[in-house]
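For reference, the chains in residue letters:
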Amino acid sequence: MTDLCSEPIRLVGGASRCEGTLELKRTEWRPVKGPDWFLMEAAVVCGQMKCGSAVSVQTRENSSVSSVWWISSDCVRPGYPLTECASADVSSSILDVTCLDSVRLVNGTSLCSGGLEVKTSQFNQIWSTVCEADFDQQDAEVVCREIGCGPPSVLQGALYGEVEAPTWTAEFQCGGTESSLLDCRRSGSVRNTCSPNKAVRLTCSEPIRLVGGASRCEGTLELKLRTWRPVSASGWTMQEAAAACRELDCGSVVSMGTRNDSSVRQVWEIQLSCLKSGYPLRQCASSSLLSSSSQSGTILELVCTDLLVQPIISVSSSDGVTGALQSSSAGVFQGSSFTISCSIQPQYPGGSFQLSFNSSNTTHSYTQPASNHSAHFLFPAAEPAHRGSYRCVYDVHVFSHNFSSQSRVLTLRVSDPTVFIIRLVVLLLSLLIFISVIYCSHKTTRGQQTVAQKNLDVGGDEVREVMEEQEEAAL
């Protein structure tokens with residue numbers, strides 16, 4: 001098998017070695033034609049060329065037919081040489097690929113997540129990790145924008161794989177508006193306080209949106225691969241529409257429609273099999289020209305429900321114990337009555353709350369209609385059987401669909417009040433003994449001081465008497 005370090009591929013005609021027309025050499029250098037190439041395939045090319053993150057791939061039509069290497073997208077995968085996938089062909093269609101040359105995210109669940117690496121030099125092609133102490137939210141905003149993703153959603157330090165990579169030693173000082181990370185100011189001094197193998201791990205949101213509707217969850221679906229464009233409606237069903245609504249954090253799909261727009265010339269075509277496999281829209285998109293005579297000329301419009309806010313769960317009891325709204329656990333005394341309350345911020349009228357209970361050996365659920373966006377579940381006497389995990393589930397029917405949202409889990413402890421009383425008595429007795437010891441110790445110390453003072457006074461009188469007798473004898 002071909003050594004990937006010397007893989008005969010290149011990008012030509014671009015502003016850098018990481019941008020341009022994709023060419024491959026077997027017997028000779030030829031451009032590559034790739035049917036159904038998407039950002040995932042471009043990312044493989046960028047990785048084999050030791051470039052940064054893939055930001056775009058598109059098919060370009062030449063004015064004339066020429067010899068090309070035909071490479072199926074099904075054959076393109078990390079660790080496998082492209083030369084093994086190529087076959088000779090003639091075509092006017094060729095591939096243009098754009099990779100970044102200084103920043104990339106690696107080993108992530110998508111092209112918008114992973115461990116952050118920067119290239120220390122354009123000459124030695126060495127990639128370095130970034131220490132979490134040298135990177136903040138504004139730096140993350142610049143990176144996410146540079147790699148073509150949405151705003152950062154998760155920024156954390158994490159163990160970076162199994163192999164210790166070189167670490168970038170200067171602190172980034174981005175303002176948040178720079179176009180690339182290396183445009184940011186950097187600290188002049190080298191920092192040596194980074195923990196071993198501790199590196200930045202970043203997750204950016206996907207660059208999709210709905211525009212022109214009454215809310216952020218309604219309108220024309222648009223996707224960004226360097227530029228914002230509408231999405232073609234060709235082949236879409238409610239299943240794909242539901243996936244788009246989930247990716248937008250907009251709950252479930254309510255309706256899907258199409259429209260023609262004569263002002264739009266280019267759209268993003270989505271490979272539906274890729275989307276059904278669970279990949280984000282951005283990784284399944286390719287550029288396409290609108291055609292007024294076919295379905296591919298229609299633009300997709302979606303209506304999703306706004307994502308329901310998370311219900312709040314809390315507990316209160318007759319003995320005065322109240323579970324804080326942000327706490328994950330609470331306790332009540334055995335025999336006391338307690339109430340678990342479920343509530344939600346007003347969004348839609350009606351609905352119901354289901355309180356689910358789980359313990360090591362049983363499961364129960366209780367349901368009440370929502371009244372003023374809340375429900376209260378009363379338990380007359382707490383028993384050991386009530387120990388376990390509780391969760392509120394809010395259900396509502398709107399737009400001819402059912403929607404639900406779950407609260408966090410609340411762990412309930414049931415304590416025996418007798419044990420509490422014994423502990424309280426032991427505590428009070430211990431406190432009383434401690435106070436008594438302190439008092440006796442203080443009293444003994446005061447007594448010793450008094451005796452010493454008396455002895456001092458007696459000794460002083462005797463000295464005075466001796467001195468007076470000596471004075472009389474001298475006279």
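The rules behind each value
- Residues numbered from 1 in each chain as written.
- Predicted model: local features only at pLDDT ≥ 70, side-chain atom pairs only at ≥ 80, totals over all residues.
- Heavy atoms only, no water.
- Disulfide = S-S within 2.5 Å.
- Helix = DSSP H or I, 4+ residues; strand = E, 2+ residues; numbered from the N terminus.
- Buried < 20%, exposed > 50% of the residue type's maximum accessible area, 1.4 Å probe, protein only.
- Pairing = 2+ DSSP bridges.
- Salt bridge = Lys/Arg side-chain N within 4 Å of Asp/Glu carboxyl O.
- Phe/Tyr/Trp six-rings, centres within 6.5 Å; stacked < 30°, edge-to-face > 60°.
- Lys NZ or Arg CZ within 6 Å of the ring centre and 35° of its normal.

**Some points on the state of the cysteines**
Inference 1: In this structure the tally under the stated criterion is 10 disulfides.
Inference 2: Linked covalently through their sulfurs, Cys112 and Cys149 form a disulfide whose S-S length is 2.0 Å. Here Cys112 and Cys149 share a disulfide; its torsion about the S-S bond, -90 degrees, makes the bridge left-handed. Of this pair, Cys112 sits in the loop between strand E6 (103-106) and strand E7 (113-119) while Cys149 sits in the loop between helix H2 (137-146) and strand E9 (152-159), placing them 37 residues apart in sequence.
Inference 3: Residue classification places Cys112 among the buried residues on the basis of a relative accessible area of 1%.
Inference 4: Paired through a disulfide, Cys217 and Cys250 show a sulfur-sulfur distance of 2.0 Å. Taking the sign of the torsion about the S-S bond as the criterion, the disulfide between Cys217 and Cys250, at about -80 degrees, is left-handed. Highlighted residues: Cys217 in the loop between strand E14 (208-212) and strand E15 (218-225) and Cys250 in the loop between helix H3 (238-247) and strand E17 (253-259), separated in sequence by 33 residues.
Inference 5: By relative accessible area, Cys250 is classed as buried at 0%.

**Here we look at the pairing of E7**
Inference 1: With 7 of 7 residues buried, E7 lies mostly within the body of the structure.
Inference 2: In this sheet, E7 lies alongside E6 in antiparallel orientation, the contact comprising 4 bridges. Residue pairing in the sheet places Leu105 in a bridge with Leu116 of E7.
Inference 3: In this antiparallel pair of consecutive strands, E6 and E7, the connection spans 6 residues, and Asn107 shows a positive phi of 60 degrees.
Inference 4: The sheet contact formed by E7 and strand E13 (residues 198-204) spans 3 bridges and is antiparallel. By the bridge assignment, Ser113 is partnered in E13 with Thr203.
Inference 5: Two strands pair when backbone bridges link them, and E7 and strand E8 (residues 127-130) are joined in this way by 3 bridges, in the antiparallel orientation. Residue pairing in the sheet places Val118 in a bridge with Ser128 of E8.

**Here we look at the pattern of salt bridges**
Inference 1: Using the criterion set out here, one finds 7 salt bridges in the structure.
Inference 2: Between Glu28 and Arg30 there is a salt bridge, with the nearest N and O atoms lying 2.8 Å from each other.
Inference 3: Residue Glu28 is classed as partly exposed on the basis of its relative accessible area, which comes to 36%.
Inference 4: Here Asp96 makes a salt bridge to Arg60, at a shortest N to O gap of 2.7 Å. Of this pair, Asp96 sits in strand E5 (residues 86-99) while Arg60 sits in strand E4 (residues 54-71), placing them 36 residues apart in sequence.
Inference 5: Residue classification places Arg60 among the partly exposed positions, given a relative accessible area of 33%.

**Topic: the packing of aromatic side chains**
Here a ring pair, both rings aromatic, is described through the centre-centre distance and the interplanar angle of the planes.
Inference 1: Taken as a whole, this structure holds 5 aromatic pairs when the rule is applied.
Inference 2: Both rings, one in Tyr366 and one in Phe379, keep their centres 5.7 Å apart while their planes meet at 90 degrees; by these two values the pair is edge-to-face. Taken together, the residues span a long stretch of sequence, with Tyr366 in strand E25 (residues 363-369) and Phe379 in strand E26 (residues 374-379) at a distance of 13 residues.
Inference 3: Residue classification places Phe379 among the buried residues on the basis of a relative accessible area of 7%.
Inference 4: Three or more aromatic residues link up through ring pairs in this structure, and these residues are Phe338, Phe357, Tyr366, Phe379 and Tyr390.
Inference 5: Here the guanidinium or amino end of Arg10 rests over the ring plane of Trp29, the centre of that ring lying 3.9 Å away.
Inference 6: When the ring centre of Trp69 is taken as origin, the NZ or CZ atom of Arg30, which lies over that ring, is 4.4 Å away.

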